[in-house]
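# Overview (structure and organization)
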Amino acid sequence: MASQILYALPFLAKGFAVTLWVSLLVVTLSLVAGVLLGVGLIYGPAPLRWAVRIFSDTIRGIPILVLMFFVYYGLPAIGLHLPSFWAAVLALTLFKTAQVIEYLRGAVASIPKGQSEAAMAIGLTFRQRLTSVIFPQAFRRFLPPWINGVTDAVKGSALVSLLGITDLMQAINQVIGRTYEAMPLYILGALIYFAVNYALSLASRRLERRFAFIRE
Amino acid sequence: MGYALNFNLIWRHFDKLWGGLLLSLELAVISIAIGTVIGLVLAVWYVSAGRVVRAIIAAYVEFIRNVPLILLVYLVFYGVPTVVDLAYSAPTSFVLTLSVYSGAYLVEVFRSGLEAVPRGQLDAGKAIGLTPWQRLIHVRLPTMLRITLPALSNTFISLFKDTSIASVISVPELTFGAQWINFNTFRIVEVYLVTTAMYLLTGYILLFGLRLVERRFRAAR
């Protein structure tokens, strides 16, 4: 048993690298998209606000698995052919983007209105108000839940195994298919996911404390 | 787009989706009920326990919360029966998994609620001569529930959505029904549009109901 698992370790490591790569892509892409759309939701014209609101509420209202199948099987049906890896990343990114939008909305809403009025009063442009007044303050409200949400991205990435992508989850299932050592391998997998996510959540707690004592 | 929507095949197989939705709700309700018991018992135990018990409960919570649900579902369905002499169906296996999973999330919700109960309320309970048990039932738990209701609603709805993971062990719930129609009729866009609408609508109805409960309890001060 032990030798079979040792033999499988390089294969599992490759799967783990895919898990990390998917998570990293999803976290980065959703951060960019989420911040852009979030600014649209807060400051944009009414039609844009409505569109972002509907996007975010719809995406957050359905299981991530349904969204994933929708994107994966639905895009080719309407003539858009993406490699399965990118379809999976796209679906997870859409889901995460909706979360980032809500973190940003919450963070900006927590900044007192007087800050933005004061910035307007001293004649700052919209862009200056955002980059020098609102965002620096909103940032520390945004950071802890966002880092906490990174663990969701790592956990969510396990779903790409259902689309035939050999991430850690799929690698474990394949090794079990060969060795029939289900229990030890699932436990090993759980420990790996746990180690990564627990480290991330410790980091987020530390940051939360680090940012907690800065007062406005 | 070059894709003509045609919902006929979806309506012909709608029983797969409707039956699936009912099963999703059933899985969610049973798991949440068991999870709530686990969560309440462990949370009450946690706040009054010594260091060792606390560490064990914290380990359970942290472990479950940091591992993907899909892995836990596989572990319970394919892994556990290989080491213990137990046989259970896929739905039972999933309910078991989601109960333990929701228990971990609910311990956290209840624990923070218990810690938010004002000290003065407990002292007042003590002052009028309530026993510790009476203080728990009549003072701590009701106050804690009122504090945690909004967080509880969100957790319940998110657990309802998590029932979609049951499809990976072929439990015929809503997501599984959608996949069945996807693979057998190839009306892909239509089936996922309908499924999306069904999840959204159910989620909103649940949320609406839970908000009513919240308001009902907030009024009773």
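Here the structure is a predicted model, which means the values were calculated and not measured.

### Notes on the overall build of chain B
Counting its secondary structure elements, chain B contains nine helices and zero strands. From first element to last, N terminus to C terminus, chain B shows the α and β order α-α-α-α-α-α-α-α-α. Seen along its three principal axes, the alpha-carbon backbone of chain B occupies a region of about 75 × 50 × 25 Å. In chain B, which comprises 221 residues, the share counted as buried stands at 38%. When contacts within chain B are restricted to residue pairs at least 6 apart in sequence, long-range pairs at least 24 apart make up 79% of them.

### Here's the deal with the overall build of chain A
On a plain count of helices and strands, chain A comes out with eight helices and zero strands. Listing each helix as α and each strand as β along chain A from the N terminus yields α-α-α-α-α-α-α-α. Projected onto its principal axes, the C-alpha positions of chain A cover 70 × 45 × 25 Å. Taking all 216 residues of chain A together, 38% fall into the buried category. By sequence separation, contacts in chain A at least 24 residues apart represent 75% of the contacts at least 6 residues apart.

### A few points about the interface of chain B and chain A
Note on interface size: it is often stated as the accessible area lost on association of the parts. Taken residue by residue, the interface counts 33 residues in chain B and 29 residues in chain A. Contributing elements (two or more residues each) for the side of chain B that touches chain A: helix H3 (51–65), helix H4 (69–83), helix H8 (174–185) and helix H9 (188–219) of chain B.

### Some thoughts on the UniProt feature "transmembrane region" (unreviewed entry) in chain B
Residue and element names in this part refer to chain B. Taken from the UniProt record, the annotation "transmembrane region" (unreviewed entry) applies to residues 20–47, 59–80 and 191–213. The distance separating the terminal C-alpha atoms of residues 20–47 is 39 Å; by composition the span is 100% helix and 0% strand. Secondary structure across residues 59–80 comprises 86% helix and 0% strand; the distance between its end C-alpha atoms is 20 Å.

### Regarding the packing of helix H1 (residues 2–43) of chain A against helix H7 (residues 168–179) of chain A
Residue and element names in this part refer to chain A. Two numbers describe how H1 lies on H7: the axes approach to 7 Å, and their chain directions differ by 155 degrees. In terms of axis orientation, H1 runs roughly antiparallel to H7. When the axes of H1 and H7 are compared, the crossing they make is right-handed. Listed contacts from H7 to Gln4, Ala8, Phe11, Leu12, Lys14, Gly15, Phe16 and Thr19 of H1 are Leu168, Gln170, Ala171, Ile172, Val175 and Thr179.

### Focus: unusual backbone geometry
All names here are of chain B. One non-glycine residue, Ser170, adopts positive backbone phi at about 60 degrees. Its place among the elements puts Ser170 in the loop between helix H7 (132–162) and H8. You can call Ser170 exposed: it has 12 C-beta atoms within 10 Å. Notably, Phe186 is not glycine yet its phi reads approximately 60 degrees, a positive angle. Mapped onto the secondary structure, Phe186 falls in the loop between H8 and H9.

### Overview of the nonpolar core
Among the nonpolar cores identified, the biggest contains 110 residues, and A:Leu67, A:Met68, A:Ala91, B:Ile70, B:Leu71 and B:Val73 are the most heavily contacted of them. Residue contributions to this core peak at 14 residues, all from helix H4 (residues 84–109) of chain A. In this structure, B:Leu71 is in contact with A:Ala158, A:Met169, A:Tyr186, A:Gly189, A:Ala190 and A:Tyr193, ignoring residues within four places of it in sequence.

### Section: the environment of B:Phe186
The class of B:Phe186 is partly exposed, set by 13 C-beta atoms lying within 10 Å. B:Phe186 sits 176 residues away from B:Ile10 along the chain, and the two C-alpha atoms are 10.0 Å apart.

### Re the environment of B:Thr36
Considering the arrangement of structural elements, one finds B:Thr36 in helix H2 (residues 14–48). Sequence-wise, B:Thr36 and B:Phe7 are 29 residues apart; in three dimensions their C-alpha atoms are separated by 39 Å.

### Thoughts on the packing of H3(B) against helix H5 (residues 90–115) of chain B
Residue and element names in this part refer to chain B. For the pair H3 and H5, the least separation of the axes is 9 Å and the interaxial angle reads 120 degrees. Remark: the crossing between H3 and H5 carries left-handed chirality. Residues Ile57, Tyr60, Val61, Ile64 and Arg65 of H3 pack against Val100, Tyr101, Ala104, Tyr105, Val107 and Glu108 of H5. Its residues placed into classes, the contact of H3 with H5 shows nine nonpolar, no polar and two charged.

### What about the environment of B:Leu27?
All names here are of chain B. Summarising the element assignment, Leu27 is placed in helix H2. Leu27 sits in the buried class, given 24 other C-beta atoms within 10 Å. Excluding anything up to four places from it in sequence, Leu27 contacts Pro91, Phe94, Val95, Leu98, Thr163, Ala166 and Glu173.

### Observations regarding the confidence of the model for chain B
A low pLDDT means the predicted coordinates there should not be read in detail. All names here are of chain B. Confidence along chain B averages 92 in pLDDT terms, with 98% of residues attaining 70 or more. Mean pLDDT values over the elements of chain B span from 87, in helix H1 (residues 8–12), up to 96, in H3. Interface confidence for the predicted complex, given as ipTM, is 0.90, next to a pTM of 0.91.

Criteria and cut-off values
Here the residue numbering is sequential within each chain, running from 1 through the sequence in written order. Chains carry letters and ligands carry numbers; both start at the beginning, A for chains and 1 for ligands, and go up in the order they are written. Predicted model: local features are reported for residues with pLDDT of at least 70 only, side-chain atom pairs are reported and counted for 80 or more only, and whole-chain, interface and lining totals are derived from all residues. Counting from the N terminus, the helices are the DSSP runs of H or I reaching at least four residues and the strands are the DSSP runs of E reaching at least two. Each residue is classed by its C-beta neighbour count within 10 Å, where at least 20 other C-beta atoms makes it buried, 12 or fewer makes it exposed, and intermediate counts make it partly exposed; the C-beta atoms are placed from backbone geometry. By the convention adopted here, residues make contact when the C-beta atoms placed from their backbones lie within 7 Å. UniProt positions are given in the numbering used here, feature names are shortened, and annotations may be inferred rather than shown by experiment. Every axis corresponds to a line fitted to the C-alpha atoms, with the helix fit spanning only the stretch in contact, and the corresponding angles, defined between N-to-C directions, vary from 0 to 180 degrees. Geometric relationships in this document are graded by angle, where less than 35 degrees denotes roughly parallel, more than 145 denotes roughly antiparallel, 65 to 115 denotes roughly perpendicular, and other angles denote oblique. Handedness of a crossing follows from how the near helix is turned relative to the far one, being left-handed for an anticlockwise turn of less than a right angle and right-handed for a clockwise one. By our criterion, buried Ala, Val, Leu, Ile, Met, Phe, Trp, Tyr and Cys residues that link up through C-beta atoms within 7 Å make up a nonpolar core. Asp, Glu, Lys and Arg are counted as charged, while Ala, Val, Leu, Ile, Met, Phe, Trp, Tyr, Cys and Pro are counted as nonpolar; the rest, among them Gly, fall into the polar class. Per residue, pLDDT captures the predictor's confidence, and it can take any value from 0 to 100.

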